[in-house]
Amino acid sequence: MSFVRDDGTWKVKTGHARMLKGGVIMDVINAEQAMIAQEAGAVAVMALERVPADIRTQGGVARMSDPEMIKGIQEVVTIPVMAKCRIGHFVEAQVLQALDIDFIDESEVLTPADEANHVNKWNYKVPFVCGATVLEEALRRIAEGAAMIRTKGEAGTGNVVEAVRHARSVLGEIRRLQSTPFEELMSMAKVMGAPYELVKYVHENGKLPVVNFAAGGIATPSDAALMMQLGLDGVFVGSGIFKSGNPAIRAKAIVEAVSQFNNPEVIARVSTGLGEAMVGINISTIPESERMADRGW
Amino acid sequence: MKPHIGVLALQGGVAEHMDMLDTVGCTTVGVRCPSDLRGIKGLVMPGGESTALIKLLIRWDLVSPIRELAGAGIPIWGTCAGSVLLSSEISEKSHRINQPSLELAPVRAERNSFGRQAASFQEDIIISGLDKPFPGVFIRAPLLFPLSDSAEVICSVSEGAVFVRCGNIWLCSFHPELTDDTRVHRMFIEEAVIGS
């Protein structure tokens, strides 16, 4: 006797994201870096053509990666392979699904393709992760079908301040909604511009219905553990690893710090002898037009 | 007294298992170092990424203590990646791999056996000992190939075995902790933990 098999369900999409909790997802630009990431203990890799730090310095339009590069990475690692599409670029998303990517990041790190609309993520079997700076933005993305949320941070800066701002904002707003009287929820939903059902879910459960990761500016084991102690579920590290002096050692140290994020002795030990961290940029020196976190709404 | 159960808490679906175990009347502890194993009556190894998990098990000196626990007859249950970690052999559908494991059950786990994430699925499954079908949630799931008669198949889908018991070691390739159905957790506690 056998039963009906359903694929691409909300349960398997959000469930996959749940299995990444407590893990580190690393940006890689080729097969060699992907192998270093897997060897360091990454739970997934994000395949992209240029890390955010290079997108920032080189400029130009940043797009979905070359399928050949993505396939090259899929061939060498067994961990999930994620890739980015531009905000609103639903054909890039279709292409990534056709390439059998495990997770799609509709990312502000790439140049947006649509200034008003994001991808309708319900149309895909492959789950999506989207960035958010505040709770209402996270709820809008979830309503569009995102199975995972991450902070936007300010990618490619090696500066964790924006990720902290976004994490505190989302988690703080969740706490506030929890203590909001039920009769005020509809009015909250109206003011927030967020779907009522999701506002009600957060009020009742005190959390998002999907996992919430840190991303954007994480460069050290302490940065990663900071985001975990603030209450996020896991960590994306972009430029922080492969723009540092010794990527293999730093990648492993960040994985180890996240697995024991409440243990300062361990974090001290794994932070020792890592070589140079990426240089980093102060956010106030970045012109507003070049701030990636302001892309999407 | 409530049974005290450890949940390996290095990475993966930890909170989901703890919530389920709490619902079926257990106390739980997240296991991150060997001293966390003290006094537990059972251990759950949750889903996550098995390549990351085995590295962390080795790094935080948990391999020998868990093997000793298994040798002393403490029940250990691995779900998805957790079942891969318990298997004596690990293979992969489309890659050649050389991945260490705890080698506690005579089973070959074939990782990502159904394919990548787009092939993850839900299907009701028949589990021996349960009167009604169980909601199976399979996420980049492995298949389990028994390598000895001591490995008893409790549940299969059309491709092969997805739930195998080898004495006190239980392996299932799906995720009961992602459902609202507590029957498999209850079965582990009643049959393996209390019954042993």
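Procedures and definitions
- Residues numbered from 1 in each chain as written.
- Chains lettered and ligands numbered in written order.
- Predicted model: local features only at pLDDT ≥ 70, side-chain atom pairs only at ≥ 80, totals over all residues.
- Heavy atoms only, no water.
- Pairing = 2+ DSSP bridges.
- Helix = DSSP H or I, 4+ residues; strand = E, 2+ residues; numbered from the N terminus.
- Axes fitted to C-alpha atoms, helices over the stretch in contact; angles between N-to-C directions.
- Contact = heavy atoms within 4.5 Å.
- Buried area = accessible area lost by both parts, 1.4 Å probe.
- Salt bridge = Lys/Arg side-chain N within 4 Å of Asp/Glu carboxyl O.
- Polar contact = N/O pair within 3.5 Å; in protein donor to acceptor, adjacent residues only side chain to side chain.
- Nonpolar A, V, L, I, M, F, W, Y, C, P; charged D, E, K, R; others polar.
- Buried < 20%, exposed > 50% of the residue type's maximum accessible area, 1.4 Å probe, protein only.
- Core = buried A, V, L, I, M, F, W, Y, C linked by side-chain atoms within 4.5 Å.

1. Structural notes on the sheet that holds strand β1 (residues 5–7) of chain A
Pairing within the open sheet is antiparallel, and its 3 strands lie in the order β1(A)-β7(B)-β8(B). Every other strand in the sheet has two partners, leaving β1 of chain A together with β8 (134–138) of chain B as the edge strands with one partner each. Neighbour-to-neighbour, the strand axes of the sheet open up by a mean angle of 25 degrees, direction not taken into account. Judged from the 5 bridges that link them, strand β7 (residues 121–125) of chain B and β8 of chain B form a sheet pairing that is antiparallel. Looking at the pairing, aspartate 124 of chain B lines up with proline 135 of chain B of β8 of chain B.

2. Regarding the sheet that holds strand β6 (residues 128–132) of chain A
Residues and elements named next belong to chain A. Strand order in this open sheet of 8 strands is β8-β7-β6-β5-β4-β3-β2-β9, and the pairing throughout is parallel. Either end of the sheet is taken by a strand with one partner, and the two such strands are β8 (211–213) and β9 (235–237). This sheet shows a mean twist of 30 degrees between the axes of neighbouring strands, independent of strand direction. Direction of pairing for strand β7 (residues 148–151) relative to β8: parallel, over a ladder of 3 bridges. The partner of methionine 148 across the bridge, within β8, is valine 211. Lying over the sheet, helix α1 (residues 10–19) contacts β5 (103–107), β7 and β8, oriented at roughly 85 degrees with respect to β5.

3. Some words on the interface of chain A and chain B
With 45 residues of chain A at the interface, the matching set in chain B holds 45 residues. For the chain A face of the interface with chain B, the top three residues by lost area are Arg5, Met19 and Thr78 of chain A, together amounting to 22%. If you look at where chain A meets chain B, you find 8 salt bridges. Connecting chain A to chain B are 25 residue pairs in polar contact (both at pLDDT 80 or more). When contributions to the side of chain A that touches chain B are tallied by element, the ones reaching two or more residues are β1, α1, α2 (31–40), α4 (67–76), α12 (247–259) and α13 (264–270) of chain A. Broken down by element, the residue count for the side of chain A that touches chain B peaks at 7 residues, all from α1 of chain A. Residue classes in the side of chain A that touches chain B are distributed as 18 nonpolar, 12 polar and 15 charged.

4. Remarks on the pairing of strand β4 (residues 76–79) of chain B
Residues and elements named next belong to chain B. Residues of β4 alternate between two faces, with Ile76 and Gly78 on one and Trp77 and Thr79 on the opposite face, all of them buried. The pairing of β4 with strand β12 (residues 169–172) spans 4 bridges and is parallel. Bridged to threonine 79 within β12 is cysteine 172.

5. Looking at the pattern of salt bridges
Residue and element names in this part refer to chain A. Counted by the stated rule, this structure contains 26 salt bridges over all chains. The shortest N-O distance in the salt bridge between glutamate 108 and arginine 150 comes to 3.0 Å. Of the two residues, glutamate 108 sits in the loop between β5 and β6 while arginine 150 sits in strand β7, which places them 42 residues apart along the sequence. Owing to a relative accessible area of 3%, arginine 150 belongs among the buried residues under this scheme. Between glutamate 144 and arginine 141 there is a salt bridge whose closest N-O contact spans 2.7 Å. Exposure remark for arginine 141: the relative accessible area of 1% places this residue in the buried category. Through salt bridges with shared partners, one network takes in Lys84, Asp105, Glu108 and Arg150.

6. Thoughts on the nonpolar core
Counting residues in each nonpolar core, the largest one holds 112 residues, and the members touching the most others are Leu139 of chain A together with Met45, Leu57 and Ile66 of chain B. The element that contributes the greatest number of residues to this core is helix α7 (residues 161–178) of chain A, accounting for 7 residues. Once residues lying within four places of it in the same chain are set aside, the contact partners of leucine 139 of chain A are Met192, Ala194, Pro195, Leu198, Val199, Val202 and Leu208 of chain A. With 32 residues, the next largest nonpolar core counts Ile125, Leu130, Cys172 and Val184 of chain B among its residues.

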